Amino acid sequence: MSVDRILAVSSRIARQVIKDRRSVALIVLAPVLVMTLVGFSLFDEKVILNRITPALLGVFVLFFTFLLTGVSFLRERSQGTLERLKITPVSRADLLVGYLLGFLLFAMLQSVVILAYTVLVLPVSYQGEIWQVFVVLVLLTIVAVSLGILVSTFAKNEFQVVQFIPLVIVPQIFLTGVVVPVEGMPWLLENISKVLPLTYAVDMLIGIMLEGQGLLDFGVQIIVLSGFGAVFMIGASLTVKK
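Residues numbered from 1 in each chain as written. Predicted model: local features only at pLDDT ≥ 70, side-chain atom pairs only at ≥ 80, totals over all residues. Heavy atoms only, no water.

Draft legend 1. Quick peek at the side chain of Thr153. Position of Thr153 relative to the elements: it lies in the loop between helix H6 (130–152) and helix H7 (158–163). A distance of 2.5 Å separates a polar atom in the side chain of Thr153 from the backbone oxygen of Leu150. (Helix = DSSP H or I, 4+ residues; strand = E, 2+ residues; numbered from the N terminus. Polar contact = N/O pair within 3.5 Å; in protein donor to acceptor, adjacent residues only side chain to side chain.)

Draft legend 2. Quick peek at the packing of aromatic side chains. Throughout the structure, instances matching the rule amount to four aromatic pairs. With 5.1 Å between their ring centres and 75 degrees between their planes, Phe63 and Phe64 make a pair best called edge-to-face. For Phe63, a relative accessible area of 24% corresponds to the partly exposed category. Judged by relative accessible area, which is 5%, Phe64 ranks as buried. Centroid distance Tyr200 to Phe228: 6.1 Å. Interplanar angle 40 degrees. Geometry classified as tilted. Separated by 28 residues along the polypeptide, Tyr200 in helix H11 (residues 197–211) and Phe228 in helix H12 (residues 219–239) bring together distant segments of the chain. (Phe/Tyr/Trp six-rings, centres within 6.5 Å; stacked < 30°, edge-to-face > 60°. Buried < 20%, exposed > 50% of the residue type's maximum accessible area, 1.4 Å probe, protein only.)

Draft legend 3. Representation of the layout of surface pockets in the model. Estimates place the volume of the largest pocket at around 510 Å³. Looking at the largest pocket, it is lined by 22 residues, and the ones nearest its centre are Gly177, Pro181, Val182, Glu183 and Ile206. Breaking the lining of the largest pocket down by element, the ones donating at least two residues are helix H3 (46–78), helix H10 (187–193) and H11. Top contributing element to the lining of the largest pocket by residue count: H11, with eight residues. Of the residues belonging to the lining of the largest pocket, the class tally is ten nonpolar, six polar and six charged. (1 Å grid on protein atoms, 1.4 Å probe; cavity = no way out; pocket = protein on both sides within 12 Å on 5 of 7 lines; lining within 4 Å. Points joined across faces, edges and corners; volume = space filled by probe spheres on them. Nonpolar A, V, L, I, M, F, W, Y, C, P; charged D, E, K, R; others polar.)

Draft legend 4. Representation of H11 in the model. In this model H11 runs 21 Å from its N-terminal to its C-terminal C-alpha over 15 residues, within 8% of the 21 Å that 1.5 Å per residue would give. With eleven of 15 residues buried, H11 is to be regarded as a mostly interior element. Turning to H11, its buried residues number three or more, namely Pro197, Leu198, Thr199, Tyr200, Ala201, Val202, Met204, Leu205, Gly207, Ile208 and Met209. Tucked into the core, H11 has its buried residues touching H3, H6, helix H9 (170–175), H10 and H12. One or two residues past the end of H11 sits Gly212, with phi positive at roughly 75 degrees. (Expected span 1.5 Å × (residues − 1). Contact = heavy atoms within 4.5 Å.)

Draft legend 5. Fine view of the nonpolar core. Counting 72 residues, the largest nonpolar core has Leu57, Phe60, Tyr99, Val133, Ile149 and Leu198 as its most contacted members. Those elements that provide at least two residues to this core are helix H1 (3–19), helix H2 (21–41), H3, helix H5 (92–120), H6, helix H8 (165–168), H11 and H12. A total of 16 residues in this core trace back to one element, the largest contributor, which is H3. (Core = buried A, V, L, I, M, F, W, Y, C linked by side-chain atoms within 4.5 Å.)

Draft legend 6. Up close: H2. With 21 residues, H2 should cover 30 Å at 1.5 Å per step; its first-to-last C-alpha distance of 28 Å lies within 8% of that length. Roughly 35 degrees is the biggest bend found in H2, and it falls at Ile27, with proline Pro31 one to four residues downstream. Of all the residues in H2, the buried ones are Ser23, Leu26, Ile27, Pro31, Met35, Val38 and Gly39. (Bend = angle between axes of the 7 residues up to and from the residue.)

Draft legend 7. Examining the confidence of the model for the protein chain more closely. Summarising the model, the protein chain shows a mean pLDDT of 83, and 93% of its residues fall at 70 or more. Helix H4 (residues 81–86) is the least confidently modelled element of the protein chain, averaging 65 in pLDDT, while H11 averages 92, the highest of any element. (pLDDT = per-residue confidence, 0-100.)

Draft legend 8. Quick look at a nonpolar patch on the surface. Residues Trp187, Leu188, Leu189, Ile192 and Val195 make up a contiguous nonpolar surface patch of roughly 510 Å² in combined accessible area. Mapping Leu189 onto the fold places it in helix H10. With a relative accessible area of 31%, Leu189 lands in the partly exposed category. (Patch = residues over 30% accessible without salt bridge, like charges linked within 9 Å, V, L, I, M, F, W, Y side chains within 5 Å. Areas by Shrake-Rupley, 256 points an atom, 1.4 Å probe, with all protein chains shown as cover. Salt bridge = Lys/Arg side-chain N within 4 Å of Asp/Glu carboxyl O.)

Draft legend 9. Structural view of the packing of H3 against H6. Contact geometry for H3 and H6: axes closest at 7 Å, N-to-C directions at 35 degrees. H6 is crossed by H3, and the crossing has right-handed handedness. Taking contact as the criterion, the partners of Leu57, Gly58, Val61, Leu62, Thr65, Phe66, Thr69, Gly70, Phe73, Leu74 and Arg77 in H3 are, on H6, Val133, Leu137, Leu140, Thr141, Ala144, Val145, Leu147, Gly148, Ile149, Val151 and Ser152. Residue classes in the contact of H3 with H6 are distributed as 14 nonpolar, seven polar and one charged. (Axes fitted to C-alpha atoms, helices over the stretch in contact; angles between N-to-C directions. Left-handed = near helix turned anticlockwise from the far one by under 90°.)

Draft legend 10. Geometry of the packing of H3 against H11. Where H3 contacts H11, the axes come no closer than 9 Å and their chain directions differ by 140 degrees. In this view, H3 runs oblique relative to H11, as classed from their interaxial angle. You can see that H3 and H11 cross each other, and the crossing is right-handed. On the side of H3, the interface is formed by Asn50, Arg51, Thr53, Pro54, Ala55, Leu57, Gly58, Val59 and Leu62, while H11 contributes Leu198, Val202, Leu205, Ile206, Met209 and Leu210. (Parallel < 35°, antiparallel > 145°, perpendicular 65-115°, else oblique.)

Next up, the structure:
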């Protein structure tokens, strides 16, 4: 891999995203609007709001990052940019790592917006360290970017990327403790939740924000979540032909 080529690819991605008003709106306005609706609809129910906020942070970071990455990467393919890059000296590894870093920059910005707005504007109480919450969101962001790139390689248009949401995102919302605690689910669903990355992110977010635990208490979850990101990126590298 070449650092110069990776940075060239990622910087080009950054310029493309900045020029796209839809992407900018998706990064900043959409999560703020959704969190505002959730926060102020439960303004008088602070106990409920505090309980669901950690899980919602994970859901929104996963959802918006997946959507941003999937649509943007598909646009690169549909416009022929990806094909033109393939005939250059840029290797497949340079290409994928460059795309990962480019999308990751804006996905992390989005995570900062969601987290900052949640803890500074909404009436949310928490116990743990915010920087540890951010570390978890960064890990989840890496997973979501890798998953978005992987899924977009199977889509032919933006509508098909959206069609993957019920298959990829919605099951994670219902099976990872966001709606019902994993421990209270039937045996089959509880075991299915173990192969969903959001389960491990939500587990850490709840432990940190509601129980005051730290990252050192979640070594297994960190390793598993990092493994998901690596597997998704390897899968993407196998589907993007050079």
